[in-house]
Amino acid sequence: MKNLINVLVAIVIILMGISCNKVPQKKPENKVINTLSFIKTKQAQLVDDKGSEIILKGTNLGNWLVPEGYMFKMEQVNSPRKIDELLYELVGPDSLQVFWKGFLDNYITHDDIKYLKSIGVNHLRLPFHYKMFTDDLYMGERNAGFKYFDRLIDWCREEQLYVLLDMHCAPGGQTGDNIDDSYGYPYLFKSKSSQDLMTKIWVDIAKKYKDEPVVIGYDIVNEPIAHYFNDELDELNHQLYLLYSRIIKEVRAVDQKHIIFLNGSNWSGNFDVFEELVDDNVVYEFHKYWFDVNQEAIQVYLDFREKHNVPIYIGETGENTDEWVMDFRFLLDKHAINWCFWPYKKMNNTRGIMNFNEPDNYHLITEYAKSDRSTYAKVRENRPDIVKVQKALNQYLENSLYKNNFVNKGYTKALNFKVD
């Protein structure tokens, strides 16, 4: 019996030794293999690494990283900082932070990107605020830019969609209006510190994504120099040209692969800013809204393409009827112009691809936005019931999720995208 026990003990010791010597096997990673190639310019075309032409057809992820007042239906409360201030007055700092986190997590998700791929979109333009790359508190976070860029790029890699990074709000402000969160003047062109910060942010972005083909390029600044400042346009155009030249030079020191997209001045419509063509791998971008669809509307940009043998791109257009969208999209396709319609998603509005319902009691927020908030007394007097406002904001977050959205089929069909 004693011998049997000794034998059993020996077997146990041997088995324990074998078990301890086993190297634990790592589970295989479900790594997505990217099949997208770097896109570059070739004369007036965009081509992949095999030389095949690609024509960009996409949509803007507007309102996600740059909240817009008209999309929130807040009228004159129409820039990110003003929206933030209004919501702070309504629900206080803690609830505001919870709202922004929910908004950033819900408004654009992987499901949205899957859908866009499924209907035929081949790229997305991503507007962002420079404050996402600073210590400033912006939408409840600091220095959160790469967090959300990486999130979207990962989704787009999985769905095989390109992403264009668009600095929609530049330091100092490039337009002098609400869309760049500015203070009423394009101080970017008068401020060395703003230009230094803008350049640094682009260089940091280029360093991080220099080897990432999912990123199709860098859209240096959105719609610079509003028409309100046309009496200074010659000087402002020259300052914009110098800034473009500087940023291109510094970006190219770290990234020679990615396309650089350059907007014209005057809401992107004026190409006089391009005093010289300072880089070969550049796309020239215009925006155009609310006009009669005809050849004359785009001829100046076709002439620029023909004269310089460079690609052109309309980075924003739309916000119109289904019939208008179809007519203009057809004209763009006829002339092989790269395009990106604005926007992908809006609340209670048919002039975009995707729609979602306005929450109950949301009118309390929109009415407060229209009220007199010029003094603390007026803020206290006009502030609506906080419980009802909080419920409306919570419902907004739920409604904005892809699963609760619905497609504007006429608009989507007008873009020649797939409609079930």
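Scroll up to find the structure this text is about.
Described below are features of the structure shown in this document.

### Structural notes on the nonpolar core
1) Next: By size, the foremost hydrophobic cluster in this structure holds 131 residues, and its most contacted members are L165 and W202.
2) Next: With 10 residues, helix α2 (residues 80-106) is the largest single contributor of residues to this core.
3) Next: Setting aside its immediate chain neighbours within four residues, W202 contacts F128, L165, M167, Y218, D219, I220, I247 and V251.

### Comments concerning the sheet that holds strand β12 (residues 354-356)
1) Next: Spatial strand order, β11-β12-β13: three strands in an open sheet with mixed pairing. Looking at which strands have only one partner, the edges of the open sheet turn out to be β11 (345-347) and β13 (406-407).
2) Next: Of the pairings in the sheet, the one linking β11 to β12 comprises three bridges and is parallel in character. Of the residues in β12, the one forming a bridge with K346 is N355.

### Considering the sheet that holds strand β8 (residues 282-287)
1) Next: Pairing is parallel in the closed barrel, where eight strands are placed in the order β3-β4-β5-β6-β7-β8-β9-β10. Within the sheet, the average angular offset between the axes of one strand and its neighbour, ignoring direction, is 25 degrees.
2) Next: Note that strand β4 (residues 123-129) and strand β5 (residues 162-169) share seven bridges and pair parallel. Bridge pairing links R125 to L164 in β5.

### Describing the side chain of T41
1) Next: Mapped onto the elements of the fold, T41 is located in strand β1 (residues 40-42).
2) Next: Among the polar contacts made by the side chain of T41, one reaches the main-chain carbonyl oxygen of D280 at a distance of 3.0 Å.
3) Next: Not counting the four nearest positions on each side in its chain, T41 is found in contact with L46, I259, D280, N281, V282, V283 and P311.

### With respect to the pairing of strand β3 (residues 57-60)
1) Next: Where β3 and strand β10 (residues 338-341) come together, three bridges link them in parallel fashion. Among the inter-strand pairings, G58 is bridged to a residue of β10, identified as C340.
2) Next: As defined by bridge partners, β3 adjoins β4 across three bridges and the pair is classed as parallel. Directly across from N60, in β4, lies its bridge partner R125.

The rules behind the values
Residues numbered from 1 in each chain as written. Predicted model: local features only at pLDDT ≥ 70, side-chain atom pairs only at ≥ 80, totals over all residues. Heavy atoms only, no water. Core = buried A, V, L, I, M, F, W, Y, C linked by side-chain atoms within 4.5 Å. Buried < 20%, exposed > 50% of the residue type's maximum accessible area, 1.4 Å probe, protein only. Helix = DSSP H or I, 4+ residues; strand = E, 2+ residues; numbered from the N terminus. Contact = heavy atoms within 4.5 Å. Pairing = 2+ DSSP bridges. Axes fitted to C-alpha atoms, helices over the stretch in contact; angles between N-to-C directions. Polar contact = N/O pair within 3.5 Å; in protein donor to acceptor, adjacent residues only side chain to side chain.

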